[in-house]
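So the chains spell out like this:
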Amino acid sequence: MNRRKKLVVLGGGESGVGAAILGKDKGMDVFLSDSGIIPERYAEVLRAEGIEFEQGGHTASRVLDADEVVKSPGIPPTAPLVKALVEKGVPVISEIELAGRYTHAKMVCITGSNGKTTTTMLTYHILKDAGLNVGLAGNVGRSLAWQVARENHDVYVIELSSFQLENMYDFKANVAVILNITPDHLDRYDYKMQNYINAKFRILRNLTPEDAFIFWQDDPVIQAQLRQVATEARMYPFAENMEKGSRAYVDDEDELVLDAEATPVRMPRADLSLNGLHNLYNSMAAGLSACLLDIKKDDIRRALSNFEGVEHRLEFVADIDGVRYINDSKATNVNSCWYALESMPRKEAPSVVLILGGKDKGNDYTEIEPLVREKVKAIVCMGKDNAKLLDFFTGKVPRIADTHSLADAIAACREFASEGDTVLLSPCCASFDLFTSYENRGELFKQAVNALAHK
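Nothing here was measured: the structure is a model prediction, and the numbers come from that model.

Student: Sorry, what's going on with the overall build of the chain here?
Tutor: For the chain, the helix and strand inventory stands at 17 helices and 20 strands. Expected size for 455 residues packed as a compact globule is a radius of gyration near 23 Å; at 23 Å, the chain falls within 12% of this value. Seen along its three principal axes, the alpha-carbon backbone of the chain occupies a region of about 80 × 55 × 45 Å. Going through the 455 residues of the chain one by one, you find that 56% of them count as buried. Put simply, 66% of the contacts in the chain that link residues at least 6 apart link residues at least 24 apart. Side-chain charges of the chain comprise 52 positive and 65 negative groups, with the mean position of each set lying 4 Å from the other.

Right, here's the structure in full:
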């Protein structure tokens, strides 16, 4: 009698529990281990499924006895237990890698430093609106492994972070999208940009001539890497204006053109539901993906015009005393904040009160300095330690405040903002100094703003 394969899952969050369920359903001997406390909703699922687990620490001997290990993307490769597994020769894979073994569904995989959640949600919206049997996975939606185990979709739209891409080997996308690459998570990558770029480009692994690669044509990092890395996939670059080889662009009539087929999809740029240059790129990537999956032109145009956007990404909260409050808590890096500032209207005088701060990941703020000088009238620093922000921006904006709580930050914004101004939470930093996540930061910001509206 054959021995059952021993699968150990490290991490009891969405991806880990999904991987454990899939392993169980495929007849493996599954053990899940988490160094922290597993959220009760996931612990309940594990109990109901009869999956053995531990929390509050790892039993190293049990983990090292595995035939294969699925690692949560949040656990770095430098973690001692992960290094011990590698030294012993135990394969360490991602939940996405595991799930890909057990489905023949088409995979639309989207990565990038900024815009990937919006593009993933928009692509999913187009496909679902067109009637496809489609699943939403990766950093959004239910884990891919969970869906492969218990659902049966024909297509998956998957948002992939660099962390998730690290431990993917045989997994293959049918449509791979890289929106952009700018410095982010450098603390994870030994503060070497090339290591981060290499992780992002793993999305091209195993692509065949039948597959497609969609990318921003004007991204210098992508272009430089493409001179070093070859792919057999069909290339679908996009750009703001028609350039040599562009397959999505805006023409002289201000129409969006998606040229992935014999007859391109055309629609007025003004009809797009998402505003701003960054969202134009997101719409191009999503639209090209839909074209490659043979979605009807009318369905693509309709979905691009009625999409409602993503929570915590340039999300309008309220207008109080003539001041607009915008929640962009998902802007956890400098380039994401650049896109937010770029989308703010140009006025005769600076009119943005910008909230920055949190856990700095090795940020270089020079990228946003020109837009800050042009559009920002005041900066409110919100974090446990604002020294780096204060040192960089003092003297570059008319007013700056040093706050260490959301309540104090909101109070400073109220003092600085006048009728016609915008208060923009676009922090450039991770949330973990004062908040549990960017979602938690955004929710609390919205609650505080809405509380002002009812005073």
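That covers the picture; the talk isn't over yet.
Student: Is there a simple way to think about the pairing of strand E18 (residues 376-382) in this case?
Tutor: Along any regular strand the residues' side chains alternate between the sheet's two faces. Summarising burial for E18: six of the seven residues are buried, a large majority. Sheet topology places strand E17 (residues 352-356) next to E18; five bridges connect them, and they run parallel. For Ile355, the partnering residue across the bridge sits in E18 and is Val380. Taken together, E17, helix H14 (residues 369-375) and E18 form a β-α-β motif whose crossover is right-handed.

Student: Please clarify how the sheet that holds strand E5 (residues 92-93) should be interpreted in this entry.
Tutor: Backbone-to-backbone hydrogen bonds join strands into a sheet, with any given pair of strands oriented parallel or antiparallel. Pairing in this open sheet of five strands is parallel, and the strands run E3-E2-E1-E4-E5 from one edge to the other. Looking along the sheet, the strands with just one partner apiece sit at the ends: strand E3 (52-55) and E5. In terms of strand pairing, strand E2 (residues 29-34) meets E3 through four bridges, oriented parallel. Opposite Asp34, over in E3, you have Gln55 as the bridge partner. Packing against the sheet, helix H1 (residues 14-25) makes contact with strand E1 (6-10), E2 and strand E4 (68-71), and its axis sits at approximately 165° to E2.

Student: I'm lost on unusual backbone geometry in this one. Help?
Tutor: Despite not being glycine, Asn206 has its phi angle at roughly 70°, a positive value. For Asn206, the position within the fold is in the loop between helix H9 (193-200) and strand E10 (212-216). Classification of Asn206 as partly exposed rests on a relative accessible area of 35%. Although it is not a glycine, Asp254 adopts a positive phi angle of roughly 60°. Mapped onto the elements, Asp254 comes out in the loop between strand E12 (248-250) and strand E13 (255-258). Looking at Asp254, the relative accessible area reads 40%, which means it is partly exposed.

Student: Hey, could you run me through the side chain of Glu342 in this one?
Tutor: Structurally, the position occupied by Glu342 is in helix H13 (residues 334-343). Within the buried set, Glu342 has no salt-bridge partner at all; the shortest N-O distance to an opposite charge, 5.2 Å, is to Arg346. Polar side-chain contacts of Glu342 include one of 3.5 Å to the backbone nitrogen of Leu277. What Glu342 contacts, discounting residues up to four positions off in sequence, is Gly276, Leu277, His278, Leu371 and Lys375.

Student: Would you explain the packing of aromatic side chains in this entry?
Tutor: Centre-to-centre distance and the angle between the planes together describe a pair of aromatic rings. Counting across every chain of the model gives seven aromatic pairs. Pairing Trp216 with Tyr281 gives two aromatic rings, centres 5.0 Å apart and planes at 35°, and the pair type is tilted. With Trp216 in strand E10 and Tyr281 in helix H11 (residues 277-292), this residue pair connects regions lying 65 residues apart in the sequence. In this structure Trp216 comes out as buried when scored by relative accessible area, which is 15%.

Student: Would you mind going over the pattern of salt bridges with me for this structure?
Tutor: A side chain with one charge may pair with a side chain of the opposite charge, provided their charged atoms come close. Within this structure, the stated rule accounts for 27 salt bridges. A salt bridge links Glu315 to Lys446; the shortest N-O distance between them is 3.0 Å. Placement of Glu315 in strand E15 (residues 315-320) and of Lys446 in helix H17 (residues 438-453) is noted, with a sequence separation of 131 residues between them. Taking the relative accessible area as the measure of exposure, Glu315 reaches 19% and is therefore buried. The salt bridge partner of Lys377 is Asp421, with a shortest N-O separation of 2.7 Å. On the criterion of sequence distance, the pair formed by Lys377 in strand E18 and Asp421 in the loop between helix H16 (406-416) and strand E20 (422-425) is long-range, its members being 44 residues apart.

Rules and cut-offs
Residues numbered from 1 in each chain as written. Predicted model: local features only at pLDDT ≥ 70, side-chain atom pairs only at ≥ 80, totals over all residues. Heavy atoms only, no water. Helix = DSSP H or I, 4+ residues; strand = E, 2+ residues; numbered from the N terminus. Rg over C-alpha atoms; globule rule 2.2 N^0.38 Å. Buried < 20%, exposed > 50% of the residue type's maximum accessible area, 1.4 Å probe, protein only. Contact = heavy atoms within 4.5 Å. Lys, Arg positive; Asp, Glu negative; His and termini not counted. Charge placed at Lys NZ, Arg CZ, Asp CG, Glu CD. Pairing = 2+ DSSP bridges. Right-handed = clockwise from strand over helix to strand, strands pointing away. Axes fitted to C-alpha atoms, helices over the stretch in contact; angles between N-to-C directions. Salt bridge = Lys/Arg side-chain N within 4 Å of Asp/Glu carboxyl O. Polar contact = N/O pair within 3.5 Å; in protein donor to acceptor, adjacent residues only side chain to side chain. Phe/Tyr/Trp six-rings, centres within 6.5 Å; stacked < 30°, edge-to-face > 60°.

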